[in-house]
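Architecture and fold: a report
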Amino acid sequence: MTVATQSSTTQLSNSSQLRPITGLVNFLLSIKPLASFAKSRARKMMIDRAEAMGVYWRQEAAFLSEQNLEALRQKIENPALVYPDYYLTSFHAYEEGNLGWLPATEVEVAARAVHAKIWPEAKERGDRKLRDSFLDIVDRRIDQTQQPITAIVDLGCSVGLSTFRIHDRYPTAQMTGIDLSSYFLAVAMYRDAERQAERQAEPNTPDIRWIHAAAEATTLDDNCCDLVTLFLVCHELPAEASCDVFREARRILRSGGHLAIMEMNPKSEIYAQMPPYVFTLLKSTEPYLDSYFNLDLEQALIDAGFNPPTIDCNSPRHRTVIARAS
Ligand SMILES: C[S@@+](CC[C@H](N)C(=O)[O-])C[C@H]1O[C@@H](n2cnc3c(N)ncnc32)[C@H](O)[C@@H]1O
């Protein structure tokens, strides 16, 4: 499937059809107690809906919060790390953004609940299907006979959902997961230990390396990997930060290696048809969505030292963008 060419961004921002409602939503969101009330109602509805479809949100998050994750967090935390200002804000209706135990223990269930809506028939298997659809395209687009994938860096790895799926596809590659949240990385390390216990040391599968760092300053050596992945990260970055991350990806990639991005597709009909007030609500939980939707991704990749990318739709509302390091 190839990406449609019609730009939905302009439609989303300029549609006057529902402007009074959008204005009202913006006004209501600007009143703090009202916004908090709306968020807590929306949160309860989302959790109830998730549990009705078999994603046991409260139970699974409570289980994780009872594990000794703080010890793992302290082990991985880089105390010298300076967080970019754009990161220190609220995301996904969590006041603490990505830096806290509540968001960290809810990432997995939230991903399964949110992605259950992508393909109605997939239900709670939607998250897995989304990840597999991306990896199928990566497999198809990257010719490994020319340059085998021996080292992979997953930028913005969070609790490891993307990292583990990629690792399962390329089990002999050296896998590195990098994230700015030591809370998320602690959950990733906890899950990694579980996986290792299940696998019981397969000799050809190197351990995953986790690093607490910014994707735009990874601390990794030049030319150290063949594949860099960004799975649902760019929409959480201001456009300038995405450009910095692409430059860093180019620096750590060997020549001929690839950057593979899985993201929301601004050209999807789903966003074009979304009532603007719903988009406004979405933006209230995703502070850099507008910036991402307005970024010329192809040009930004070329400017960062990549060949023109291939772009494939991997879901009705996501695209996979793959660029070869020139
Ligand atoms: C929506 S999550 C996606 C996580 C994961 N890749 C997945 O597939 O589930 C975005 C992640 O990017 C991380 N992130 C955002 N900005 C970052 C940056 N500049 N450097 C490193 N990680 C970043 C966040 O902490 C969060 O874990």
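Above this note sits the structure.
Read on for a plain summary of the structure. (Residues numbered from 1 in each chain as written. Predicted model: local features only at pLDDT ≥ 70, side-chain atom pairs only at ≥ 80, totals over all residues. Heavy atoms only, no water.)

On to the pairing of strand S2 (residues 174–179). Most of S2 is tucked away: 5 of the 6 residues are buried. With 5 bridges joining them, strand S1 (residues 151–155) and S2 adopt parallel strand pairing. Within S2, the position partnered with Val-153 by the bridge is Thr-176. Running through helix H8 (residues 161–169), the crossover from S1 to the neighbouring parallel element S2 is right-handed. In this structure, S2 lies alongside strand S3 (residues 209–212), joined through 4 bridges in parallel fashion. (Buried < 20%, exposed > 50% of the residue type's maximum accessible area, 1.4 Å probe, protein only. Helix = DSSP H or I, 4+ residues; strand = E, 2+ residues; numbered from the N terminus. Pairing = 2+ DSSP bridges. Right-handed = clockwise from strand over helix to strand, strands pointing away.)

As a structural note, the neighbourhood of the ligand is formed by 21 residues, with Tyr-86, Tyr-87, Gly-156, Asp-179 and Ala-215 the closest of them. Here a nitrogen atom of the ligand sits 2.8 Å away from a polar atom, N or O, in the main chain of Gly-156. In this structure, a nitrogen atom belonging to the ligand sits 2.8 Å away from a main-chain N or O atom of Ala-215. Protein contacts shield 94% of the accessible area of the ligand, which totals 600 Å² for the unbound molecule. Considering only residue class, the shell around the ligand consists of 13 nonpolar, 4 polar and 4 charged. (Near = heavy atom within 4 Å. Polar contact = N/O pair within 3.5 Å; in protein donor to acceptor, adjacent residues only side chain to side chain. Areas by Shrake-Rupley, 256 points an atom, 1.4 Å probe, with all protein chains shown as cover. Nonpolar A, V, L, I, M, F, W, Y, C, P; charged D, E, K, R; others polar.)

Taken as a whole and judged by the stated rule, the model has 9 aromatic pairs. Relative to Tyr-87, the ring of Tyr-83 has its centre 6.1 Å away and its plane inclined at 5°; by these criteria the two rings are stacked. Through a chain of ring-to-ring contacts, three or more aromatic side chains come together here, namely Tyr-83, Tyr-86, Tyr-87, Phe-91 and Tyr-288. It is Arg-73 that lies over the ring of Tyr-183; its NZ or CZ is 4.8 Å from the centre. (Phe/Tyr/Trp six-rings, centres within 6.5 Å; stacked < 30°, edge-to-face > 60°. Lys NZ or Arg CZ within 6 Å of the ring centre and 35° of its normal.)

The sheet built from 7 strands is open, its strands ordered S3-S2-S1-S4-S5-S7-S6 with mixed pairing. Across the chains shown, the open sheet's two edge strands, defined by having one partner strand only, are S3 and strand S6 (310–315). In this sheet, adjacent strand axes meet at a mean angle of 20° when their direction is disregarded. In this sheet, strand S7 (residues 318–324) lies alongside strand S5 (residues 253–264) in antiparallel orientation, the contact comprising 7 bridges. By the bridge assignment for S7, His-258 is matched with Arg-324. (Axes fitted to C-alpha atoms, helices over the stretch in contact; angles between N-to-C directions.)

Any functional reading would require information that these geometric values do not contain.
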